[in-house]
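Examination of the molecular architecture
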Amino acid sequence: MARYLVVGGVAAIVDISLFMLFAEGLGLPYLRVSAATFVLATLVNYWLSIRLVFVSGARFRRRWEVALVFAVSTIGLGLNQLILAFSVEKLATGLLAAKLLATGMVFFWNYFARRVLVFGAVRA
């Protein structure tokens, strides 16, 4: 999990920094921006994960593995959007605090779902 924390941290930096640039800096709609940056961060996360954390191809062929990662990530995106919208709209939380909260909570879903449902094996 420690290596995934590093991988997740790098992906989170990509996600949050681009989110803040486009949503806060340029004033674009925060939920649309969040969806786009989440997808980009998922690509970064997958690429780093198969190199540093999980054994790619241990359970599924690459095509199925990528499809499953994106299925898991789609659920993560839904959670991210719900937490972000609730925090901003109902709790009047600032964009950065809301994004940090959403990212932190979805991190755990992503790790455990990928570990259990997609990859199974971790690198030694």
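Before reading on, note that the structure itself is shown above.
Residues numbered from 1 in each chain as written. Predicted model: local features only at pLDDT ≥ 70, side-chain atom pairs only at ≥ 80, totals over all residues. Heavy atoms only, no water.

With that settled, consider the overall build of the protein. Along the protein, the regular secondary structure elements total four helices and zero strands. Taken along the three principal axes of its C-alpha coordinates, the protein extends 45 × 25 × 20 Å. Among the 124 residues that make up the protein, the fraction classed as buried is 38%. Taking all contacts inside the protein whose residues are at least 6 apart in sequence as the whole, residues at least 24 apart take part in 73%. As displayed, the protein has an accessible area near 6800 Å², and 73% of this comes from carbon and sulfur atoms. Here the protein contributes 12 positively and 4 negatively charged side chains, and the mean placements of these two sets differ by 16 Å. (Helix = DSSP H or I, 4+ residues; strand = E, 2+ residues; numbered from the N terminus. Buried < 20%, exposed > 50% of the residue type's maximum accessible area, 1.4 Å probe, protein only. Contact = heavy atoms within 4.5 Å. Areas by Shrake-Rupley, 256 points an atom, 1.4 Å probe, with all protein chains shown as cover. Lys, Arg positive; Asp, Glu negative; His and termini not counted. Charge placed at Lys NZ, Arg CZ, Asp CG, Glu CD.)

Further remarks concern the packing of helix α1 (residues 2-25) against helix α2 (residues 30-52). As a packed pair, α1 and α2 sit with axes 8 Å apart at the nearest point and diverge in direction by 155 degrees. The angle between the axes of α1 and α2 places the two elements in the roughly antiparallel class. As α1 packs across α2, the resulting crossing turns out to be right-handed. From α1, Arg3, Tyr4, Val7, Gly8, Val10, Ala11, Val14, Asp15, Leu18, Phe19, Phe22 and Ala23 reach across to α2, where they touch Tyr30, Val33, Ser34, Thr37, Phe38, Leu40, Ala41, Val44, Asn45, Leu48, Ser49 and Leu52. (Axes fitted to C-alpha atoms, helices over the stretch in contact; angles between N-to-C directions. Parallel < 35°, antiparallel > 145°, perpendicular 65-115°, else oblique. Left-handed = near helix turned anticlockwise from the far one by under 90°.)

Mapping Glu89 onto the fold places it in helix α3 (residues 62-90). Residue Glu89 is classed as exposed on the basis of its relative accessible area of 54%. The spatial distance from the C-alpha of Glu89 to the C-alpha of Val33 is 16 Å, given a sequence separation of 56 residues. Within the structure, Glu89 has its side chain in polar contact with the side chain of Tyr30 (distance 2.7 Å). (Polar contact = N/O pair within 3.5 Å; in protein donor to acceptor, adjacent residues only side chain to side chain.)

As a further point, take the packing of aromatic side chains. By the definition in use, this model includes eight aromatic pairs. Centroid distance Tyr4 to Tyr111: 5.1 Å. Interplanar angle 50 degrees. Geometry classified as tilted. Of this pair, Tyr4 sits in helix α1 while Tyr111 sits in helix α4 (residues 95-119), and the two are 107 residues apart along the sequence. By the burial criterion, Tyr4 is buried, and Tyr111 matches it. An angle of 80 degrees between the planes, with centres 5.0 Å apart, marks the rings of Tyr111 and Phe112 as edge-to-face. (Phe/Tyr/Trp six-rings, centres within 6.5 Å; stacked < 30°, edge-to-face > 60°.)

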